[in-house]
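Reading the structure
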Amino acid sequence: MWHPVFASVRARAALAATAVVAVALVVASAALLLSLRTTLTGQADSDAETAARRVAAQLASGVSYSKLELPDGEDSPVQVVDGQGRLRAASDDLEAISGTGVTAVRPGTDPAQDQQRDDGGDSGGDDRDDRGDDGDDASDDRDDDDDPEPGRMADEVGPSEGSATVDGDTADYRFASVELTTRGGESATVHAGAPLAAERSAVRTAATAMLIGVPLLLVVVGAVTWLVTRRALRPVEGIRREMAAITASEDLSRRVPQPDTYDEVAALARTTNETLGALETSVERQRRFVADASHELRSPIASLRTQLEVGAAHPELLDVQGAVVDTVRLQQLAADLLLLARLDAGERPGQERIALPALIREELSQRTGDRIAVRNEPGEPATRELEVIGSRRQLARILGNLLDNAQRHADSRVTVTTRVDGDFAVLGVVDDGPGVPLVERERVFERFVRLDDARSRDDGGAGLGLAIARDVAERHSGRLTVGGSADGGALFELWLPRCPDGGPRYGSPSGHAP
């Protein structure tokens, strides 16, 4: 259940957009800070390695410990350690160091070196250094062919992180350790550092900027999303207000405002107006239906009441036959209205397998009181090719209504025909009456509609027979059409889909497919 604050679409959209952007910004910020730190740390490692290799190159080329040119301690603190772990050289002003594995900052002050000096083991080394220095001086006068083999540096570098105090200032450094072999065959290690102050400062600056900028950006995103969503949903509010007004006034002729756009809101407005139009048509049709039904029911009821009242006062004047006719008419009208109500309620037809020729013979056998005898002219197709799926009772009702209509208008002939047209079985009812005018051929299928000529010759029809016939045909996935016959009368044709295995297929009928 949404909190009332987030009940609106605008609030939820703004919250969702802000949350998505917040997650994206947090992930991006973390990745940026990590990338920045990795890049700057890598740069510090590269600087430290460069400084270490410069010092190591001097040693490898024969420069003695005492004559090494070391970089400034603040830029790159350096320690040079021999193979026995003794500190042999260090940067000036270096006061303390950690992270290299050697804590001494001045040659001869580390415990291991002092212990060796007490044992007398270091004097030889000093003499070797002095001799080495002298030898280096003398080597300048010798030919290049007499020089010893140059020293070698290891390709691998051991990185580490620690701190150093130079001239009273303590800072963090990245250290690179380069191992080498001097010309004299002695091993040594050079530790050189690169400051991390720039890396730390850049990361802190970026983090501070993100801590300030990300919340501000989220506020902007939320506000913009709120405003944009509010503007986008403004037509929806107009639709809601108009729908509320329509509901209150019950005026289905009103329509909701439709934006002049092609987005989903405009589609919603168009669909809503279409729904209102269909609802208005349905309600108007229902009102018309009730009014017409009341009018049609009033006549036979009033006639029947009059006859009964006269018969009660004057039994000798009671028209029993007329009362029976009015009662039958009333019964037929009530049955028609009940069938229409069931059709409007969505009653589905049955799923019987029905042969149209047999249905026609059965219906004609029951029509003994017709004014004109009905002729049955079956077509060439076999009975199995004229089989359809549906409700036998409802299809018989269509045929009966078409025959009743033909009986009212025919002069001397009414004919029933059957044929196959592609995937459809076609049942036709033809009369030789005046026919149906072209402009009235759709109107005759409306409920309670009777043409002027029909009114003059009507023997009790209420104008529901053809409307019922078309509704039933459409419920059977078919179609009922009206046209002109060869002798000038009316031709009503019922198109029904044939059974899937009812015979060969010839394609859909041109211009008549439902």
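Conventions used here
All chains use their own residue numbering, which begins from 1 and follows the written sequence. pLDDT decides what is reported in this predicted model: residues at 70 or higher carry local features, side-chain atom pairs at 80 or more are listed and counted, and totals for whole chains, interfaces and linings draw on all residues regardless. For the side-chain quantities, the full set of heavy atoms in the structure was used; hydrogens and water were omitted. In this analysis, axes come from line fits to C-alpha atoms, helices being fitted only over the stretch in contact, and the angle between any two N-to-C directions falls in the range 0 to 180 degrees. Going along the chain from the N terminus, every DSSP run of H or I of four or more residues is numbered as a helix, and every run of E of two or more is numbered as a strand. When describing relative orientation, an angle under 35 degrees is termed roughly parallel and one over 145 degrees roughly antiparallel, while 65 to 115 degrees is termed roughly perpendicular and anything else oblique. In this scheme the crossing of two helices becomes right-handed for a clockwise turn of the near helix relative to the far one and left-handed for an anticlockwise turn of less than a right angle. Here, two residues are considered to be in contact whenever any of their heavy atoms come within 4.5 Å of each other. Each residue is assigned to one of three groups, with Ala, Val, Leu, Ile, Met, Phe, Trp, Tyr, Cys and Pro labelled nonpolar, Asp, Glu, Lys and Arg labelled charged, and all others, Gly among them, labelled polar. Think of it this way: DSSP has to see at least two bridges between two strands before they count as a pair. Among the buried residues, those of types Ala, Val, Leu, Ile, Met, Phe, Trp, Tyr and Cys that are joined through side-chain atoms within 4.5 Å form a nonpolar core. Between buried and exposed lies partly exposed: a residue is buried under 20% and exposed over 50% of the maximum accessible area for its type, with that area taken using a 1.4 Å probe on protein chains only. Excluding any residue in a salt bridge, patches collect residues exceeding 30% relative accessible area, merging like charges within 9 Å and nonpolar Val, Leu, Ile, Met, Phe, Trp and Tyr side chains within 5 Å. Residue burial considers only the protein chains on display, and all accessible areas are found by Shrake-Rupley using a 1.4 Å probe. A pairing counts as a salt bridge when a side-chain nitrogen of Lys or Arg comes within 4 Å of a carboxyl oxygen of Asp or Glu. Counted charges follow a simple rule, with Lys and Arg positive, Asp and Glu negative, and His plus the chain ends left uncounted. Charged groups are reduced to one reference atom each: NZ for lysine, CZ for arginine, CG for aspartic acid, CD for glutamic acid. Multiplying 1.5 Å by the residue count of a helix minus one yields the expected span of that helix. Stacked, tilted and edge-to-face are the three classes applied to pairs of Phe, Tyr and Trp rings, where Trp contributes its six-membered ring and a pair requires centres within 6.5 Å; stacked means planes under 30 degrees apart, edge-to-face means over 60, and tilted covers the rest. Two conditions define a charge located above a ring, namely a distance within 6 Å from the ring centre to NZ of Lys or CZ of Arg, and an angle within 35 degrees of the ring normal.

**Looking at the packing of helix α6 (residues 320–344) against helix α10 (residues 465–475)**
It is the contact of α6 with α10, at a shortest axis distance of 11 Å, that shows an interaxial angle of 30°. By the angle between their directions, the pair α6 and α10 is classed as roughly parallel. Classified by chirality, the crossing of α10 by α6 is left-handed. In this structure, α6 contributes Asp 336, Leu 339, Leu 340, Leu 343 and Asp 344 to the contact, and α10 contributes Ile 468, Asp 471, Val 472 and Arg 475. Residues of the contact of α6 with α10, tallied by class, amount to five nonpolar, no polar and four charged.

**Some thoughts on the sheet that holds strand β11 (residues 414–421)**
Pairing within the open sheet is mixed, and its five strands lie in the order β9-β11-β12-β14-β13. Two strands bound the open sheet, and with one partner strand each, they are β9 (374–377) and β13 (479–484). Across the sheet, the mean angle from the axis of one strand to that of its neighbour is 20°, orientation sign disregarded. Its contacts with the sheet place helix α7 (residues 356–365) against β9, β11, β12 (424–431) and β14 (490–497), and it is angled at close to 165° to β9. Contacts from helix α8 (residues 392–409) reach β9, β11, β12, β13 and β14, with the element oriented near 25° to β12.

**Describing the nonpolar core**
It is characteristic of soluble globular proteins that their nonpolar side chains tend to be buried jointly. In this structure, Leu 356, Ile 398, Leu 427, Val 429 and Phe 492 are the most contacted members of the largest nonpolar core, which totals 44 residues. At seven residues, α8 tops the list of elements feeding residues into this core. Beyond its immediate sequence surroundings of up to four residues, Leu 356 is in contact with Leu 386, Val 388, Ala 425, Leu 427 and Leu 496. Ala 51, Ala 56, Leu 68 and Leu 180 belong to the second-largest nonpolar core, a separate cluster that totals 16 residues.

**Details of unusual backbone geometry**
If you check the backbone angles, Asp 167 has positive phi at about 55° while not being a glycine. Note that Asp 167 resides in the loop between β5 (158–166) and β6 (169–181). Its identity is not glycine, yet Ser 477 carries a phi of approximately 60°, on the positive side. Assessed through its relative accessible area of 51%, Ser 477 is described here as exposed.

**Some words on a negative patch on the surface**
A grouping of Asp 72, Glu 74, Asp 75, Asp 92, Asp 93, Glu 95, Asp 167 and Asp 169 is seen on the molecular surface, where their side chains present a negatively charged patch. Topologically, Asp 169 is positioned in strand β6.

**A word on the pairing of β6**
In this structure, strand β4 (residues 152–153) lies alongside β6, joined through two bridges in antiparallel fashion. When the bridges of β6 are listed, Met 153 appears paired with Leu 180. With antiparallel pairing between neighbouring strands as the criterion, β5 and β6 make up a hairpin whose turn holds two residues, including Asp 167 at a positive phi of roughly 55°. One ladder, built from nine bridges, connects β6 with strand β7 (residues 187–195); its direction is antiparallel.

**With respect to a nonpolar patch on the surface**
Side chains of Leu 308, Leu 318, Val 320, Val 324 and Val 328 sit close together on the surface and give an oily, nonpolar patch of about 390 Å² of accessible area. The dominant element in the nonpolar patch, judged by the number of residues it contributes, is α6, at three residues. Counting through the fold element by element, Leu 318 comes out in the loop between α5 (264–313) and α6. For Leu 318, a relative accessible area of 35% corresponds to the partly exposed category.

**As for the pairing of strand β2 (residues 87–90)**
Judged from the three bridges that link them, strand β1 (residues 78–82) and β2 form a sheet pairing that is antiparallel. In the sheet register, Val 80 faces β2, and the bridge partner there is Ala 89. Here β1 folds back onto β2, and the loop between the two strands holds four residues, one of which, Gly 85, carries a positive phi near 80°.

**Quick look at the packing of helix α1 (residues 9–60) against helix α4 (residues 197–249)**
At a minimum axis distance of 8 Å, the contact between α1 and α4 shows a crossing angle of 160°. Taken together, the axis directions place α1 and α4 in an arrangement best described as roughly antiparallel. For the pair α1 and α4, the sense of crossing is right-handed. Partitioning the contact of α1 with α4 into residue classes produces 24 nonpolar, six polar and four charged.

**Looking at α6**
Here α6 contains 25 residues, and its C-alpha end-to-end distance of 36 Å stays within 8% of the 36 Å for a straight helix at 1.5 Å per residue. Looking at the buried side of α6, the elements it contacts are α5, α8 and α10. With its phi angle positive at about 90°, Gly 346 sits one or two positions after the end of α6.

**As for the packing of aromatic side chains**
Between two aromatic rings, the relevant description is the distance of the centres plus the angle of the planes. By the definition in use, this model includes three aromatic pairs. Both rings, one in Tyr 173 and one in Phe 175, keep their centres 6.2 Å apart while their planes meet at 35°; by these two values the pair is tilted. Arranged with centres 6.2 Å apart and planes meeting at 85°, the rings of Phe 445 and Phe 492 form a pair that is edge-to-face. Of this pair, Phe 445 sits in the loop between β12 and α9 (452–457) while Phe 492 sits in strand β14, and the two are 47 residues apart along the sequence. For Phe 445, a relative accessible area of 7% puts it in the buried group. A cation over an aromatic ring shows up here: Arg 470 above the ring of Phe 445, its NZ or CZ 3.9 Å from the ring centre.

**Re the pattern of salt bridges**
One pass over the full model with this rule turns up 24 salt bridges. Put simply, Asp 45 and Arg 174 hold a salt bridge, and the shortest N to O gap is 2.7 Å. Linking Asp 45 in helix α1 with Arg 174 in strand β6, this pair joins segments that are 129 residues apart in sequence. One salt bridge in this structure joins Arg 53 and Glu 49, with 3.0 Å as the shortest N-O distance. Of this pair, Arg 53 and Glu 49 both sit in helix α1, four residues apart, roughly one helical turn. Note on Arg 53: relative accessible area 21%, which makes it partly exposed.

Everything listed here is a matter of geometry and, on its own, says nothing about what the molecule does.
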